[in-house]
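Structure at a glance
Okay, here's what each chain looks like letter by letter:
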Amino acid sequence: MDWVVFVAAGIAVLAGALGVVLATHPVHSALMLVMTLFGVAVLFVAQQAHFLAAVQIIVYAGAIVVLFLFVIMLLGVDRSENVRAEPLPFQRPIAYVAGAGVVAAVFLLARTTWVSGAQSAAGPADGPGSNIEKLADSLFTRYLLAFEMTSVLLVIAVVGAVVLARHSPTGGVRDSEAS
Amino acid sequence: MSVPGAWYLGLAAMLFGIGAIGLLIRRNVLIMFMCVELMLNAVNLTFVTFARMLNDIGGQVVVFFVLVVAAAEVVVGLAIIVSIFRRRADATADDISLLKG
Amino acid sequence: MMHAVWLIPALPLTGFLILLATGRRMGDPKAGYVATAMMVGAFVVAVGVFFDLMGLHGEERRFQQDLFSWISVGGLDVHVGFLVDPLSVTMALFVTGVGALIHLYSVGYMHGDERYPTFFVYLNLFAFSMLMLVLSDSFLLTFLGWEGVGACSYFLISFWFERPSAATAGKKAFVTNRVGDFGFMLAMFLIFATFGSLNYVPVLEGAHELTHVTATAIALLLFVGAVGKSAQLPLYVWLPDAMEGPTPVSALIHAATMVTAGVFLMVRVNPILNLAPGALTLIATIGALTAFFAATIACAQNDIKKVLAYSTVSQLGYMFLAVGSGAYVAAIFHMVTHAFFKALLFLGAGSVIHGMHDEQDMKYMGALRKWMPITSGTFIVGWLAIAGVPPFSGFWSKDDILLAAFEKNKALWFIGLLTALMTAYYMSRQVFLVFYGGERWKKPEAAEAHGEDVAHDAHGAHGDFKPHESPPTMAFPLVVLAGLAAVGGILKSPLERWLEPVLAHPHEFASSSSTKLGLIVVTTVGALSGIGLAYSIWLRNRVRAETVEPEVLRHAWYVDALYQKIVEAPGRALANFSAFVVDAKVIDGTVNGVGALVRAGGTRLRTVQSGFVRNYALAVAVGAVAILAYAVARSA
């Protein structure tokens with residue numbers, strides 16, 4: 001049973017990824033991305049990370065991809081990119097080699113076993129109690145500072161986004177960077 | 001019978017590779033951004049797998065933070081893209097080459 | 001008084017400094033008198049030192065004065081100090097004495113020259129250098145004086161440097177001297193390596209321990225230096241050209257003092273020379289050949305000073321012949337008498353030139369006996385001395401040399417005899433052309449020979465011009481020197497006894513008295529026949545002049561042209577090669593090439609900065625792959 005879930009989700013993930021990369025139309029890419037995200041969420045559930053699966057769907061698929069779609073619409077959807085042509089020399093061959101290299105390296109590394117030291121540094125993943133309880137436990141005790149910093153980061157991000165994206169008749173950011 | 005962790009790691013590796021190649025090949029800035037998201041997801045998957053393999057909730061905590069930061073990053077990144085490529089539909093990453101030596 | 005020996009070089013040095021600072025303000029003639037006074041003072045001190053030294057006896061006749069430490073580096077410790085012994089005092093005496101007379105002469109001769117004070121600055125500097133050369137107690141200090149006189153020779157030869165020929169002559173003298181100096185320096189290195197010291201006393205006293213090879217090497221290297229300084233074959237070429245300088249310079253430097261430095265050096269190191277018989281033979285041979293060679297050239301020269309220049313080269317050859325035959329005293333004796341009569345002859349020639357308003361070609365002189373009686377009288381005394389007519393001084397000294405040569409090698413003696421004959425001939429020729437015969441300056445060819453100067457007689461003599469006798473400042477030294485040249489022969493035996501402590505072992509003449517007498521007769525007959533030959537050619541016109549003056553002799557065997565071809569032309573080619581090929585192409589090419597290479601490299605590397613974000617992302621990816629590969633390799 002687990003294998004079926006794994007294979008199905010895996011196919012969804014990889015197909016979606018290929019779709020993102022190969023689609024000419026940005027909206028198609030965004031939809032393929034959604035498929036990938038769903039696949040990943042399923043794989044989270046299969047690994048007993050229920051809370052994260054939920055957050056993945058709500059935040060990633062639900063907010064981030066929507067944000068992508070907003071911007072795609074804002075910048076105009078009619079034009080598709082010419083995937084065939086590549087103006088930069090040697091970009092494609094080296095890119096393929098680099099990508100393949102990364103994958104191969106990881107595969108090779110995955111066959112070794114490194115023991116890093118103490119187990120359960122932050123607490124056991126299985127055992128009694130729900131997943132969200134355990135997560136909240138370590139989040140609000142051990143990693144409280146990081147949690148608070150992350151919230152500050154979110155505020156900064158919002159402020160930055162507002163500043164960057166507004167129309168400014170007097171000074172501010174202009175779209176003069178493009179050469 | 002549970003799927004061994006190594007399979008998940010392999011899957012995550014392939015997802016990462018696809019995302020990397022896509023980032024290097026595509027010219028449309030938004031699609032490049034989406035490939036970055038693919039890579040981040042691959043990393044998330046890896047962390048969760050390790051959380052299970054090593055029986056440590058810390059892996060999932062990391063994923064939590066990665067998620068949050070990825071969201072913030074997307075926000076700011078898209079804002080930048082909007083400000084640079086405002087109302088120019090044919091904008092590609094190759095248009096910005098002021099750093100040319 | 002011996003402790004005041006440092007005054008002897010110090011006085012001319014003071015004169016030099018005073019004249020350097022205030023000479024131009026002093027002007028003509030005060031600057032000249034100051035310089036002369038310094039020389040006279042030095043002479044007086046030298047006489048005092050001489051008498052003091054006579055008070056000591058035999059082997060004790062040596063006094064060293066150490067002034068201060070000059071160079072003290074590692075194993076080399078050289079002091080500025082003086083060695084007073086018979087040889088150095090003899091040299092100091094005639095350098096200061098003859099030098100003082102020539103200084104006085106120059107007061108009159110250089111009168112009217114616009115750089116009058118500068119002349120005496122150089123003269124005093126020269127005197128200082130020469131005195132340091134002879135009085136020093138170490139090879140290095142002598143070398144200081146050696147180089148100093150070379151430099152002053154350059155200054156003084158090219159004193160009238162607006163004349164290109166004078167400037168060139170000065171350069172030629174200096175460069176040719178340097179070739180010899182190279183040998184001197186190598187000799188000093190060898191001496192230091194062998195003895196660990198450059199002072200005369202330890203070196204000469206330890207000379208008996210030298211191996212034959214080392215002694216020969218040192219002797220030959222020092223002789224190379226002497227060949228340059230004393231104008232022997234093949235480095236004599238600078239001396240005839242040095243006649244471009246004023247006549248007192250020719251008298252002082254190129255007759256009496258500087259050129260004798262080489263002979264002095266050889267005599268100073270006689271303990272070393274005695275251990276190198278091969279070197280001695282070479283020295284004698286070169287001396288004899290030089291004497292003969294220069295005499296042949298002198299027979300065909302028309303310039304009054306050139307005859308005397310080649311004569312000097314020839315007489316120096318005699319001195320080296322004496323050195324090579326082991327007769328060191330004879331060499332010094334001839335040096336002293338030569339200083340007297342050659343300085344006299346040069347000053348007399350200067351007087352003639354002065355009285356003939358700068359005419360130097362003997363073909364346009366003649367019958368000056370009645371216009372310049374003092375000059376001609378003293379010149380005739382000098383002529384008889386150099387020709388070797390008894391009882392004048394030259395006869396005694398030349399005779400000793402020929403006797404020593406006869407005992408060494410009959411061939412060398414014969415060459416010396418022929419040279420004596422030629423010496424008598426060309427000097428008589430000179431006297432007859434200048435002081436006897438017809439008044440040839442009145443001939444129209446004389447005016448033509450001087451081209452544009454026909455309008456005024458500032459340069460050259462012709463027409464109804466009358467030669468005049470020289471002023472007393474010039475005549476007085478002539479008379480004194482004539483007296484010395486006449487009676488100088490009496491110094492012969494006192495000099496032998498006096499110089500004994502300086503020699504490693506004194507030279508004994510092995511011939512019987514009958515042989516000695518026979519040689520004297522042969523030499524005297526040779527001298528008289530030379531005079532007779534000149535008489536019949538030049539006064540009686542029995543033989544045509546052209547037969548005895550072939551072109552090759554007049555052009556000095558074309559030696560200068562030969563040197564130009566074998567030395568100057570390759571040297572110039574080498575210089576051109578170095579400048580235009582090595583420097584411009586190779587060195588500049590390398591330097592520029594490095595720059596071009598860096599620029600080319602930079603241009604190529606610039607393309608990495610394409611400005612495209614995707615390229616940079618690619619680079620990041622490649623780097624990441626590299627790190628991962630390393631991790632994989634580590635884990636394997």
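Residues numbered from 1 in each chain as written. Chains lettered and ligands numbered in written order. Predicted model: local features only at pLDDT ≥ 70, side-chain atom pairs only at ≥ 80, totals over all residues. Heavy atoms only, no water.

Observations regarding the overall build of chain C
- When helices and strands are counted, chain C shows 26 helices and two strands.
- Looking at chain C residue by residue over its 636 residues, the buried ones come to 56%.
- Put simply, of all contacts in chain C between residues at least 6 apart along the chain, 81% involve residues at least 24 apart.
- Of the roughly 25,600 Å² of accessible surface on chain C, a fraction of 68% belongs to carbon and sulfur atoms. (Helix = DSSP H or I, 4+ residues; strand = E, 2+ residues; numbered from the N terminus. Buried < 20%, exposed > 50% of the residue type's maximum accessible area, 1.4 Å probe, protein only. Contact = heavy atoms within 4.5 Å. Areas by Shrake-Rupley, 256 points an atom, 1.4 Å probe, with all protein chains shown as cover.)

Focus on the overall build of chain A
- Looking only at helices and strands, one finds six helices and zero strands in chain A.
- Written out in order from the N terminus, the α and β elements of chain A read α-α-α-α-α-α.
- Counting across all 179 residues of chain A, residues that qualify as buried make up 35%.
- By sequence separation, contacts in chain A at least 24 residues apart represent 45% of the contacts at least 6 residues apart.
- Carbon and sulfur atoms make up 71% of the accessible area of chain A, which amounts to about 10,300 Å² in all.

Some remarks on the interface of chain C and chain A
- With 11 residues of chain C in contact, the opposing surface of chain A contributes 15 residues.
- Together chain C and chain A conceal approximately 1,100 Å² of surface at their shared face, both sides included; 76% is due to carbon and sulfur atoms.
- Where chain C meets chain A, there are zero salt bridges.
- Inspection of the region where chain C meets chain A yields one residue pair in polar contact (both at pLDDT 80 or more).
- A class-by-class count of the residues in the side of chain C that touches chain A yields eight nonpolar, two polar and one charged. (Buried area = accessible area lost by both parts, 1.4 Å probe. Salt bridge = Lys/Arg side-chain N within 4 Å of Asp/Glu carboxyl O. Polar contact = N/O pair within 3.5 Å; in protein donor to acceptor, adjacent residues only side chain to side chain. Nonpolar A, V, L, I, M, F, W, Y, C, P; charged D, E, K, R; others polar.)

Considering unusual backbone geometry
Residue and element names in this part refer to chain C.
- Between leucine 233 and the following residue, proline 234, the backbone shows a cis peptide bond with an omega angle of -5°.
- With respect to the helices and strands, proline 234 occurs in the loop between helix H8 (212-229) and helix H9 (238-241).
- Between proline 390 and proline 391 the backbone carries a cis peptide bond, its omega angle lying at -5°.
- With respect to the element layout, proline 391 can be found in the loop between helix H16 (373-387) and helix H17 (393-408).
- Notably, aspartate 358 is not glycine yet its phi reads approximately 70°, a positive angle.
- Within the element layout of this structure, aspartate 358 appears in the loop between helix H15 (328-355) and H16.
- Classification of aspartate 358 by relative accessible area gives partly exposed; the value is 41%.
- Not every positive phi belongs to a glycine, and tyrosine 558 is a case in point at roughly 55°.
- When you line up the elements, tyrosine 558 lands in the loop between helix H24 (551-554) and helix H25 (559-606).
- Under the relative-accessibility criterion, tyrosine 558 is labelled partly exposed at 41%.

Describing the packing of helix H1 (residues 5-25) of chain B against helix H2 (residues 29-53) of chain B
Residue and element names in this part refer to chain B.
- With their axes 8 Å apart at the nearest point, H1 and H2 run at an angle of 165° to one another. Overall, the two elements H1 and H2 adopt an arrangement that is roughly antiparallel. The interaxial crossing formed by H1 with H2 has left-handed handedness.
- Grouping the constituent residues of the contact of H1 with H2 by class yields 18 nonpolar, six polar and one charged. (Axes fitted to C-alpha atoms, helices over the stretch in contact; angles between N-to-C directions. Parallel < 35°, antiparallel > 145°, perpendicular 65-115°, else oblique. Left-handed = near helix turned anticlockwise from the far one by under 90°.)

Things to note about the environment of serine 314 of chain C
Residues and elements named next belong to chain C.
- In this fold, serine 314 is placed in helix H14 (residues 304-324).
- Residue classification places serine 314 among the buried residues on the basis of a relative accessible area of 0%.
- Spatially, the C-alpha atoms of serine 314 and leucine 289 are 8.9 Å apart, while their sequence positions differ by 25 residues.
- Discounting chain neighbours no more than four positions away, the residues touching serine 314 are Thr290, Ala291, Ala294, Ala295, Thr419 and Tyr426.

A few points about the packing of helix H5 (residues 139-157) of chain C against helix H6 (residues 164-195) of chain C
Residue and element names in this part refer to chain C.
- With their axes 8 Å apart at the nearest point, H5 and H6 run at an angle of 170° to one another. With respect to H6, the element H5 is oriented roughly antiparallel.
- Of the residues contributing to the contact of H5 with H6, the split by class is 15 nonpolar, four polar and four charged.

Thoughts on the environment of serine 136 of chain C
All names here are of chain C.
- Take serine 136: it is sitting in the loop between helix H4 (116-135) and H5.
- The class of serine 136 is buried, set by a relative accessible area of 0%.
- In the structure, serine 136 is positioned 130 residues away from tryptophan 6 in sequence and 9.9 Å away in space, judged by C-alpha atoms.
- Those residues within four positions of serine 136 in sequence are excluded, and the remaining contacts are Gly81, Phe82, Leu83, Leu141, Thr142 and Tyr200.

Considerations on the side chain of serine 428 of chain C
All names here are of chain C.
- By the secondary structure assignment, serine 428 is in helix H18 (residues 410-435).
- Residue classification places serine 428 among the buried residues on the basis of a relative accessible area of 0%.
- Residues within four places of serine 428 in sequence aside, it is in contact with Trp383, Ile531 and Ala534.

Quick look at the interface of chain B and chain A
- The interface of chain B with chain A comprises 73 residues on the first partner and 88 residues on the second.
- Buried area between chain B and chain A, summed over both chains or domains, comes out near 7,400 Å², and the portion from carbon and sulfur atoms is 73%.
- Three residues, Arg26, Met34 and Ile57 of chain B, lead the burial of chain B against chain A; their summed loss comes to 9% of the area buried on that side.
- At the junction of chain B with chain A, the criterion picks out zero salt bridges.

Quick notes on the pairing of strand S2 (residues 76-84) of chain C
Residues and elements named next belong to chain C.
- For strand S1 (residues 63-73) and S2, the ladder comprises nine bridges, and the chain directions are antiparallel. Across the sheet, serine 72 pairs through a bridge with aspartate 77, a residue of S2.
- Linking S1 to S2, which pair antiparallel, is a turn of two residues; within it glycine 74 sits at a positive phi near 55°. (Pairing = 2+ DSSP bridges.)

Focus on the pattern of salt bridges
Residue and element names in this part refer to chain C.
- Under the definition given, this model contains eight salt bridges over all chains.
- In this structure, the salt-bridge partner of glutamate 244 is arginine 163, at a minimum N-O distance of 3.1 Å. Taken together, the positions of glutamate 244 in the loop between H9 and helix H10 (247-256) and arginine 163 in the loop between H5 and H6 put the pair 81 residues apart, joining distant regions of the chain.
- In this structure, the salt-bridge partner of glutamate 568 is arginine 572, at a minimum N-O distance of 2.6 Å. Remark: arginine 572 and glutamate 568 occur in helix H25; sequence separation between them is four residues, near one turn of the helix.
- Accessibility expressed as a relative area gives 52% for arginine 572, which makes it exposed.
- Bridged by salt links that share partners, the residues Glu147, Arg178 and Asp181 form one connected network.

Some points on the packing of aromatic side chains
- With the rule as written, the count across this model stands at 32 aromatic pairs over all chains.
- Seen in terms of ring centroids, phenylalanine 64 of chain B and phenylalanine 65 of chain B are 5.7 Å apart; in terms of plane orientation they differ by 80°. Their pairing is edge-to-face.
- Relative accessible area serves as the criterion here: at 14%, phenylalanine 64 of chain B is assigned to the buried category.
- Each ring, one from tryptophan 383 of chain C and one from phenylalanine 432 of chain C, has its centre 5.9 Å from the other, and the planes form 70°; the classification is edge-to-face. (Phe/Tyr/Trp six-rings, centres within 6.5 Å; stacked < 30°, edge-to-face > 60°.)

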